[in-house]
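In case you want the letters, here they are:
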Amino acid sequence: MDEESYEMSNPADTVGATSTGVGSRRIGAVKLEPLHIPAVPGVDQEIAAPSLIAARLFKPVTVSFKNLSYSVRNGIFRKGRDILKDISGEFRAGELTAIMGPSGAGKSTLLDILAGFTEGGFTGEILVNKQVRDLKRFRRLSAYIMQDHDLQPHLTVLEAMHFSANLKIGAELSPASKKIRMNEILRAIGLYDAKKTRTGRLSGGQKKRLAIALEIVNNPPVMFFDEPTSGLDSSTSTQCVALLKQLAREGRTIICTIHQPSALLFNMFDHLYAVAEGECIYTGGTGNIVSFLKELDIVCPEHYNPSDYLLEIATHDYGRLNDNLVEKMMNGQSNFYRNPEPFSPSFESKLMPIKESSPEGPMVLLEMPLFPENDSNQRPVSPVLAKPKKLAKKLSFNPERWCGRDEIYTTSFCRQFSLLLLRTFLILSRDRSLMTMRFAIHCLIAPLIGMLYFGIGNQAAQIFNNYNYVFFSIMFLMFTAFSSMTMAFPLELPIITREHFNRWYSLRAYYIAMTVADIPIQLLCTVTYILITYYMTGQPPEAFRVGLFTLICLMVAWVAQGLGLLVASLFDVKNGAVFGPFFICPFLIFSGFFIHLTDAHPIMHWLFHISFLKYALQGAAMAIFGYDRARMDCDETYCHFVLPKKFLKEIDMLEADFVEAVIALSVIFFVFRVAAFYVMQYRMKNKI
């Protein structure tokens, strides 16, 4: 199927299909007035011009589905439970559609399937403009704003918009044009005055609006919202739905789930799709519910919210009436109770600009004019962007020349990596609980260890205590690095899931950027600890020994981070704290510190060979005691280990090889990182 068939259109194109019943009309062409972009001081208008050059009208997208069924199996031997049962429906452009139903009715499941968040396990057809949906292409046309709307709390509103715009918009817009677009959207959603506020300090309503703003920066024609009013008060919920309605009036297909709307919110929706027990009990205009029920001899009480009454029917408060509703609606196939189709003459008269005020600041929504039929000079309010073409070649640095771009994403891998690396550095520099505390812990523990083992580095009588210092250093750096991942990464996983699903960036770009960004922090913490303790414990003042010891400590920290990332990909913060030590214990037991390899049963030797702590201890011992270290001082009558080589023989490390330890740690580091990546990819793909 040609991608352009439902991605681009000439302004004169039409979309939709004739529906039978109340007010059926064929959808006309959609032509919107331009967004009046103000001049930015100090910005050459020729630079800003590409924002209009790149503009193109998008063809309204109708999402429909036929005979859709979905079931889940609760256990291996249990019978599957039907969530959706052969339902059908059609969601049109220009309409604000609400999928409503009681808890467990299947509304969120339906939304996930339509959005592509659930990719398999269902039967039936999903159509886009009457053509079978190509999921890969459809995801480029749509955005999914999830219920939790997780945001990066350490970024300001403007910074969040900056990264969204630069990740979702390619080289066809100049930086100045992207800045204009960002500011215009922030004004439209009432967050311009809060643009320098960190997102973690925003109110619930402001966070909802920002989550929407981050996704409309590239103007997707289809948007899905899971419970957009959850956790909001009545006033803020009204403002949120008003914004969704305005987005729909601009020609988008807006689909959201809602549990139990108030009468005010209910009347703001253009189309209601009600589900109960996996079947469609009503699809049509919100104003037609009472007449629909009356035809079935079900009388809605006067002054009663029709949505509440419909939900009470769905939960069998008045008996089992759902089968009658499903039969009359033909399980979603009937369009008899639909409103006049959007953009038809009878519908135009109802379109009036929405203006809402907010206690948190002015909420100036985009003025939405009527849809003129014969003005060929009109442009959309927020133009969808064309693919990068000649304009990209004019940029001073074009990442497309250096690394390829996957057709799923607007920007290249190199561009994604550089932006994500910058964002991660910015977040780490502001996250005191992560970066500052990590550094502070190393700075506090290092003098304590230095005093505990003060001046023993060249004392033959204290050689076992010196060996204990080496082992403790490895364990301390390993645990702090491991904990930094298990405590922080699970909190970021929902944000990654949302951004990755909405095609901001590839998981590979994020993963590599995250790995690289943490290198300077771990380097700073480890080197600080090593320099303080190495000097205070009186270790040999030889540069190559300091370098070797620092290298092996850095490597064990990075390997531990890889293991921590693997655990963090498997568990949340609470379970990671519980099960994390169980992952470390096998490596610790077989490190060679508690029992030597030669003393263990031969059957268990392989466990020593896969323990990264064994190689870390081996490399650290060689750095401190190996390489023909000179005789140590002896203040006692007799010191058995005056020669360090004799001590290495005692701990079964006389034949140890530092290079072998480095290679083994490198391989284990690679294994942990790759395993963590694929676990993360699996979780995101299967929505675990």
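Residues numbered from 1 in each chain as written. Predicted model: local features only at pLDDT ≥ 70, side-chain atom pairs only at ≥ 80, totals over all residues. Heavy atoms only, no water.

## Description of the UniProt feature "transmembrane region" (unreviewed entry) in the protein chain
Line of reasoning, step 1. Per the UniProt record, "transmembrane region" (unreviewed entry) is found at residues 439-457, 469-489, 509-536, 548-571, 577-595, 607-627 and 658-680.
Line of reasoning, step 2. For residues 607-627, the helix share is 81%, the strand share is 0%, and the end-to-end C-alpha distance is 27 Å. (UniProt positions renumbered as here; feature names shortened; annotations may be inferred. Helix = DSSP H or I, 4+ residues; strand = E, 2+ residues; numbered from the N terminus.)

## Looking at the sheet that holds strand β5 (residues 122-128)
Line of reasoning, step 1. Spatial strand order, β3-β2-β5-β6: 4 strands in an open sheet with antiparallel pairing. Whereas interior strands pair on both sides, the edge strands pair on one side only; in this sheet they are β3 (81-91) and β6 (131-132).
Line of reasoning, step 2. Taken together, the 6 bridges between strand β2 (residues 63-72) and β5 define a ladder with antiparallel strand orientation. Counterpart to K66 in the pairing with β5 is E125.
Line of reasoning, step 3. The strands touched by helix α3 (residues 107-115) within the sheet are β2, β3 and β5, with β2 carrying the most contacts at an inclination of about 120 degrees. (Pairing = 2+ DSSP bridges. Contact = heavy atoms within 4.5 Å. Axes fitted to C-alpha atoms, helices over the stretch in contact; angles between N-to-C directions.)

## Structural notes on the state of the cysteines
Line of reasoning, step 1. One pass over the full model with this rule turns up 1 disulfide.
Line of reasoning, step 2. Here C634 pairs with C639 through a disulfide, and the sulfurs are 1.9 Å apart. When the S-S torsion is 85 degrees, as for the bridge of C634 with C639, the disulfide is right-handed.
Line of reasoning, step 3. A residue is classified by how much of its surface remains accessible, and C634, at 30% relative accessible area, is partly exposed.
Line of reasoning, step 4. By relative accessible area, which is 9% here, C639 ends up buried.
Line of reasoning, step 5. Looking at the unpaired C240, the closest cysteine sulfur is the one in C256, lying at 8.5 Å.
Line of reasoning, step 6. In this structure C256 comes out as buried when scored by relative accessible area, which is 0%. (Disulfide = S-S within 2.5 Å. Buried < 20%, exposed > 50% of the residue type's maximum accessible area, 1.4 Å probe, protein only.)

## A short note on the packing of aromatic side chains
Line of reasoning, step 1. By the definition in use, this model includes 39 aromatic pairs.
Line of reasoning, step 2. With 5.2 Å between their ring centres and 80 degrees between their planes, F464 and F647 make a pair best called edge-to-face. Taken together, the positions of F464 in helix α17 (residues 463-501) and F647 in helix α24 (residues 644-650) put the pair 183 residues apart, joining distant regions of the chain.
Line of reasoning, step 3. Note on F464: relative accessible area 41%, which makes it partly exposed.
Line of reasoning, step 4. Taking 6.0 Å as the distance between ring centres and 20 degrees as the angle between the ring planes, the aromatic pair formed by Y505 and Y510 counts as stacked. Note on accessibility: Y505 and Y510 belong to one class, buried.
Line of reasoning, step 5. Cluster of aromatic residues (ring-pair linked, three or more members): F464, Y467, F471, F593, F594, F625, F641 and F647.
Line of reasoning, step 6. Positioned over the ring face of F413 is R508, at 4.3 Å from the centre of the ring. (Phe/Tyr/Trp six-rings, centres within 6.5 Å; stacked < 30°, edge-to-face > 60°. Lys NZ or Arg CZ within 6 Å of the ring centre and 35° of its normal.)

## What to know about the sheet that holds strand β7 (residues 142-145)
Line of reasoning, step 1. If you walk across this open sheet you meet the 6 strands as β7-β8-β9-β4-β10-β11, and the pairing is mixed. Looking along the sheet, the strands with just one partner apiece sit at the ends: β7 and β11 (279-284). Each strand axis lies, on average, 15 degrees off the axis of its neighbour in the sheet, ignoring direction.
Line of reasoning, step 2. Sheet analysis places strand β8 (residues 222-225) next to strand β9 (residues 253-258), joined by 4 bridges and oriented parallel. Paired with V222 across the bridge in β9 is T253.

## Describing a nonpolar patch on the surface
Line of reasoning, step 1. A cluster of nonpolar side chains, contributed by V659, I663, V667, F670 and V671, occupies part of the molecular surface with about 480 Å² of accessible area.
Line of reasoning, step 2. By the element assignment, V659 lies in helix α25 (residues 658-686). (Patch = residues over 30% accessible without salt bridge, like charges linked within 9 Å, V, L, I, M, F, W, Y side chains within 5 Å. Areas by Shrake-Rupley, 256 points an atom, 1.4 Å probe, with all protein chains shown as cover. Salt bridge = Lys/Arg side-chain N within 4 Å of Asp/Glu carboxyl O.)

## Quick word on the packing of helix α20 (residues 543-570) against helix α21 (residues 573-589)
Line of reasoning, step 1. Remark: α20 packs on α21, axes separated minimally by 10 Å, with the N-to-C direction vectors making an angle of 140 degrees. Taken as axis vectors, α20 and α21 run oblique relative to one another. The two elements α20 and α21 meet at a crossing, and its hand is right-handed. For the pair formed by α20 and α21, the contact residues are L563, V567 and L570 on the first element and G576, G580, F583, I584 and F587 on the second. (Parallel < 35°, antiparallel > 145°, perpendicular 65-115°, else oblique. Left-handed = near helix turned anticlockwise from the far one by under 90°.)

## A short note on the side chain of E227
Line of reasoning, step 1. With respect to the element layout, E227 can be found in the loop between β8 and α8 (234-249).
Line of reasoning, step 2. Although E227 is buried, it forms no salt bridge, and the closest oppositely charged side chain is K107 at an N-O distance of 4.5 Å.
Line of reasoning, step 3. In contact with E227, not counting residues within four places along its chain, are K107, Q147, K208, T257, I258 and H259. (Lys, Arg positive; Asp, Glu negative; His and termini not counted.)

## Topic: the side chain of N331
Line of reasoning, step 1. As for its placement among the helices and strands, N331 is situated in the loop between α12 (322-329) and α13 (345-348).
Line of reasoning, step 2. Residue classification places N331 among the buried positions, given a relative accessible area of 10%.
Line of reasoning, step 3. Only 2.9 Å separates the side chain of N331 from the backbone oxygen of D86, close enough to count as a polar contact.
Line of reasoning, step 4. Within the structure, the side chain of N331 is placed 2.9 Å from the backbone nitrogen of C280, a separation counted as a polar contact.
Line of reasoning, step 5. In this structure, N331 is in contact with K85, D86, I87, S88, Y273, E279, C280 and V326, ignoring residues within four places of it in sequence. (Polar contact = N/O pair within 3.5 Å; in protein donor to acceptor, adjacent residues only side chain to side chain.)

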